[in-house]
Amino acid sequence: MSLMDIIGKRRIFFVTGKGGTGKSTYTVAIGRLASEHYKTLVLDFDNKRSTLREILRASSLSAEPQRVGENLYFSHIEPDEALRYYLKDFIRSDFLINISLNLKPLKSFYNALPSAKEMLVCYFLLHLVKDFDFEKIFIDMPASGHAELFFKIPIAAKGIFNKGPVIAIVNEMNKHLYSRDRSCVIQIALPDEVVISETMEFYERFKAIEYIDVQAIVVNKRYRIANTGGICEGLEKEEELIRLYNYYARKSQEEGDLVSDLRKRTGVSIFEVPFFPVRAPVDNIVSFLKDL
Amino acid sequence: MSRETVIFFMFGPGGVGKTTVSASLGLALSDEGRDVLVVTVDPAKRLKDILGIKDMGFTPVRVNDYFERETGRRLGGRMDAMMIDSRDAFLNLLNRYIRDEEVINQVVKNRIFKFLSESLIGAQEYLSAEKMYDMFLSNEYDIIIVDTAPSKNAFEFIDGARKMAGFLDKRVIRFFIDVKEDDFIKGVFFKRTGDFLYKILGIIFGDEFIVDMRGFLTSLSSMYNDLLMRAYELDALYHSNRIRYFIIGSPQKLSLGELTHLSRGLKERGINKTTVILNKAPFFYGRKELIMKANKIMTNCKNSDIKANLEFILAVEEDMLESIEKDMEQMGDLISQERVVLPDLYTDICNFEQLLNLGKRCRGGIRL
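Each chain carries its own residue numbering, running from 1 in the direction its sequence is written. As they are written, the chains are lettered A onward and the ligands numbered 1 onward, keeping that order. Given that the model is predicted, a residue must reach a pLDDT of at least 70 before its local features are reported, and side-chain atom pairs must reach 80 or more before they are shown or counted; all residues, however, enter totals for whole chains, interfaces and linings. To get the side-chain values, all heavy atoms of the structure are used, and hydrogens and water are removed first.

Some thoughts on the overall build of chain B
So, point 1. What counts as a helix is a DSSP run of H or I of at least four residues, what counts as a strand is a run of E of at least two, and both are numbered from the N terminus. Of the regular secondary structure elements, chain B holds 17 helices and 8 strands.
So, point 2. To sort residues, take the accessible area from a 1.4 Å probe on protein chains only and compare it with the maximum for the residue type: under 20% means buried, over 50% means exposed, and anything in between is partly exposed. Going through the 368 residues of chain B one by one, you find that 57% of them count as buried.
So, point 3. Two residues form a contact once any of their heavy atoms are found within 4.5 Å. Nonlocal contacts in chain B, meaning residues at least 24 apart in sequence, comprise 79% of its contacts between residues at least 6 apart.
So, point 4. Carbon and sulfur atoms make up 49% of the accessible area of chain B, which amounts to about 15800 Å² in all. Reported accessibility uses the Shrake-Rupley method at a 1.4 Å probe radius. Residues are deemed covered only where the shown protein chains occlude them.

Encoded structure:
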């Protein structure tokens with residue numbers, strides 16, 4: 001199955017993986033690929049920092065989607081803005097909302113209470129999902145462990161509450177955001193033993209959540225060294241360089257083994273992308289993905 | 001005997017070898033005769049694998065025994081390792097302040113307790129820090145090395161104390177425990193000064209939750225002052241000379257700018273000094289003449305496959321070199337740094353001897 005086929009199957013994609021694997025880069029790259037056929041939104045919600053903005057070179061940050069390309073939109077959710085947005089649904093007066101947001105105890109509570117921010121970020125996400133006509137939405141999630149807690153908000157909430165606003169939100173979440181026919185996870189990995197085994201572990205853990213589904217794993221920054229044997233002239237005297245050369249040849253081989261193992265054990269579509277220099281424009285990756 | 005225990009905080013993105021560096025540095029310091037504790041709060045549980053210790057948990061395990069068994073020689077000092085689990089840390093905290101078992105049971109059964117200690121984001125780091133502080137106060141170690149979770153959660157470790165202090169602030173807690181039961185349950189919200197806050201919290205979390213929260217906080221009320229004191233102490237510790245901040249970076253396939261991001265985070269928290277450990281430094285790091293030589297060989301290479309391979313390898317290496325140098329430079333503008341460079345040995349570390357060697361290299365670059 002091609003990446004485009006997978007994009008065709010769902011509306012919402014949660015892009016996650018171990019820290020440093022390229023989640024943001026691939027949120028943009030896959031998002032851009034999707035935007036060739038669909039009206040697409042990419043978004044992130046890191047506190048006060050938007051890697052997506054850096055990659056997209058967007059001029060400003062706003063929670064309301066802004067246009068960043070043909071058919072491509074970008075939104076950045078700031079947790080404090082999510083709280084404001086949430087209160088708006090209940091308190092009509094901007095004046096009262098401002099008073100509330102400046103209440104020190106409320107701030108302390110909101111900051112100290114685990115998952116409160118995450119829940120309200122999801123509330124804003126619901127707004128983007130329900131009130132806009134984006135055909136595809138790509139979400140740059142936090143690293144796997146934190147992402148899992150995001151996915152489990154409904155479970156955690158139902159363990160604590162029986163009714164009330166939180167339950168109302170998580171029911172909406174299950175209806176529009178977390179459901180196997182609407183959304184899926186795309187895991188981003190590197191061809192490294194530790195990263196692959198963590199990817200495998202989280203693949204199992206995500207799948208164990210009944211409403212979460214993993215559709216693809218991207219293995220990024222693959223070394224591609226042709227198996228040649230022998231060395232070329234001038235290299236034979238350079239012991240250190242030979243060691244480096246052999247290291248790459250061995251790594252390339254090992255990476256191949258790791259990926260085929262991952263393929264065997266998960267059964268989902270796995271996309272291998274070669275190493276692109278850090279400064280290379282995302283477009284290079286997009287055109288590579290198109291041919292996959 | 002009173003010691004000046006020093007805590008080493010190890011920060012770094014995932015996958016740079018933070019746990020390996022922590023464990024190896026611990027071994028090297030202990031080999032010098034210091035008593036060292038390596039604590040991991042990384043949920044990935046890598047420390048167990050690296051040290052080859054199966055049953056590591058909330059009580060420190062003596063690593064010396066394992067080391068001796070494998071290498072046949074002794075370390076100069078004590079080396080312990082432990083993993084902190086937030087639920088255990090919470091129970092530990094309760095046991096310290098609350099003597100009444102009935103009250104503890106009540107707390108543990110409260111849904112909020114489960115909410116705070118198990119499933120959710122942020123509390124875990126504070127609770128882990130709490131336990132780390134216990135170990136710090138125990139006076140048993142010269143050095144405690146804390147292997148934190150990857151970058152984002154690592155800051156939670158520092159911020160946790162201040163957040164907790166803010167939360168335990170009388171002005172916050174008062175709203176929960178001063179209100180009369182009747183008023184509360186009837187939902188007569190607007191009668192009191194703080195009722196507006198209740199209303200807002202009720203809107204966000206639901207009245208039911210607020211009632212639960214109130215029960216939870218009331219059962220803990222006897223320990224607020226102690227908890228608040230601890231949170232302030234911990235926050236003060238973070239800004240004292242008893243803590244050393246390390247940033248571990250590695251150019252291996254990692255995204256650009258993580259070191260800069262971490263330095264900025266530390267600076268924002270009033271921390272101006274750090275030790276940077278560049279783990280698995282790029283092959284050509286500081287060896288410009290070798291790059292030129294390699295490029296020449298590549299250009300003259302007649303076998304097209306090998307040439308393509310060399311070209312690829314050089315592109316990757318130069319890219320890593322460039323990105324790490326740029327990152328280090330940006331970092332230097334933000335925060336003063338002591339630098340340790342650990343070359344990539346191109347082998348995986350799989351025994352104590354190798355671990356200790358890496359640790360010694362690392363130790364060599366650190367002034368104590």
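Some points on the environment of Asp55(B)
Residues and elements named next belong to chain B.
So, point 1. Among the secondary structure elements, Asp55 is positioned in the loop between α2 (46-51) and β3 (61-62).
So, point 2. With 46 residues separating them in the primary sequence, Asp55 and Glu101 have C-alpha atoms 28 Å apart.
So, point 3. Discounting chain neighbours no more than four positions away, the residues touching Asp55 are Val61 and Tyr66.

Details of helix α7 (residues 116-131) of chain A
So, point 1. Between the first and last residue of a helix there are one fewer steps than residues, each counted as 1.5 Å, and that sum is the expected span. Taking 1.5 Å per residue as the helical rise, α7(A) with its 16 residues ought to reach 22 Å, and the 23 Å between its terminal C-alpha atoms agrees with that figure.
So, point 2. α7(A) sits mainly inside the fold: 14 of its 16 residues count as buried.

Considerations on the nonpolar core
So, point 1. Membership of the largest hydrophobic core comes to 133 residues, with the highest contact counts inside it found for Phe151(A), Tyr178(A) and Tyr238(B).
So, point 2. The biggest single contributor to this core is α7(A), with 11 residues.
So, point 3. Beyond its immediate chain neighbours, meaning those up to four positions away, Tyr238(B) contacts Phe9(B), Ala129(B), Met132(B), Phe157(B), Ile158(B), Ala161(B), Ile243(B), Tyr245(B) and Ile271(B).
So, point 4. For our purposes a nonpolar core is just a set of buried Ala, Val, Leu, Ile, Met, Phe, Trp, Tyr and Cys residues, chained together by side-chain atoms within 4.5 Å. Membership of the second largest hydrophobic core comes to 36 residues, among which are Val6(B), Ala23(B), Met83(B) and Phe246(B).

Overview of the sheet that holds β3(B)
Residues and elements named next belong to chain B.
So, point 1. Two strands qualify as a pair provided that DSSP identifies no fewer than 2 bridges between them. The strand order across the open sheet built from 8 strands is β3-β4-β2-β5-β1-β6-β7-β8, with neighbouring strands paired in mixed fashion. Two strands in the sheet have a free side with no partner beyond their single neighbour: β3 and β8 (336-343).
So, point 2. Looking at chain direction, strand β2 (residues 36-40) and strand β4 (residues 79-83) are connected through 5 bridges and run parallel. Paired with Thr40 across the bridge in β4 is Met83.
So, point 3. Each axis is a line fitted through C-alpha atoms, and for a helix only the stretch in contact is used; angles between axes span 0 to 180 degrees, taken between their N-to-C directions. Across the sheet, helix α14 (residues 258-268) is in contact with β1 (6-11), β6 (243-249) and β7 (273-281); its angle to β6 comes to roughly 160 degrees.

Some remarks on the packing of helix α12 (residues 239-266) of chain A against helix α16 (residues 304-334) of chain B
So, point 1. Between α12(A) and α16(B), the least distance of the axes is 11 Å, while the angle of their chain directions is 95 degrees. By the angle between their axes, α12(A) is roughly perpendicular relative to α16(B). Where α12(A) abuts α16(B), its residues Leu244(A), Tyr245(A) and Tyr248(A) lie against Ile306(B), Asn309(B), Leu310(B), Ile313(B), Val316(B), Glu317(B) and Met320(B).
So, point 2. Throughout this entry, Asp, Glu, Lys and Arg are counted as charged residues, while Ala, Val, Leu, Ile, Met, Phe, Trp, Tyr, Cys and Pro are counted as nonpolar. The remaining residues, Gly among them, count as polar. Considering only residue class, the contact of α12(A) with α16(B) consists of 8 nonpolar, 1 polar and 1 charged. Any angle from 65 to 115 degrees is called roughly perpendicular, while one under 35 is roughly parallel, one over 145 is roughly antiparallel, and all others are oblique.

Here's the deal with the confidence of the model for chain B
Close inspection of predicted coordinates is inappropriate for parts of the model with low pLDDT.
Residues and elements named next belong to chain B.
So, point 1. Summary of the metric used: pLDDT quantifies the predictor's per-residue confidence within the range 0 to 100. A residue-level look at chain B finds 83% of positions with pLDDT of 70 or above and a mean pLDDT of 82.
So, point 2. Per-residue pLDDT stays below 50 along residues 179-191; that stretch engages in 20 contacts with residues further than four places along the chain or on separate chains.
So, point 3. The ipTM, which scores confidence in the relative placement of chains, is 0.77 for this predicted complex, and the corresponding pTM is 0.76.

Observations regarding the packing of helix α4 (residues 86-97) of chain B against helix α13 (residues 224-238) of chain B
Think of two packed helices as two axes; the pair is described by the angle between the axes and how far apart they sit.
All names here are of chain B.
So, point 1. At a minimum axis separation of 10 Å, α4 and α13 run at an interaxial angle of 125 degrees. If you check the angle between α4 and α13, you find them oblique. Crossing angle aside, the handedness with which α4 passes α13 is right-handed. Of the residues in α13, those touching α4 at Leu93, Arg96 and Tyr97 are Asp226, Leu227 and Arg230. Each helix crossing is assigned a hand: it is left-handed if the near helix lies turned anticlockwise from the far helix by less than a right angle, otherwise right-handed if that turn is clockwise.

Quick look at the sheet that holds strand β8 (residues 269-274) of chain A
Residue and element names in this part refer to chain A.
So, point 1. The mixed open sheet is built from 8 strands, whose spatial order is β3-β4-β2-β5-β1-β6-β7-β8. One side of each edge strand has no neighbouring strand; the edge strands of this open sheet are β3 (66-69) and β8. Adjacent strand axes in the sheet meet at a mean angle of 25 degrees, parallel and antiparallel pairs treated alike.
So, point 2. As judged from the 6 bridges shared by strand β1 (residues 12-17) and strand β6 (residues 183-189), these two strands associate in the parallel manner. Pairing of Ile12 across the sheet is with Ser183, part of β6.
So, point 3. The sheet strands contacting helix α2 (residues 23-34) are β1, β2 (40-44), β4 (72-76), β5 (136-140), β6, β7 (214-222) and β8, and the helix crosses β5 at an angle near 170 degrees.

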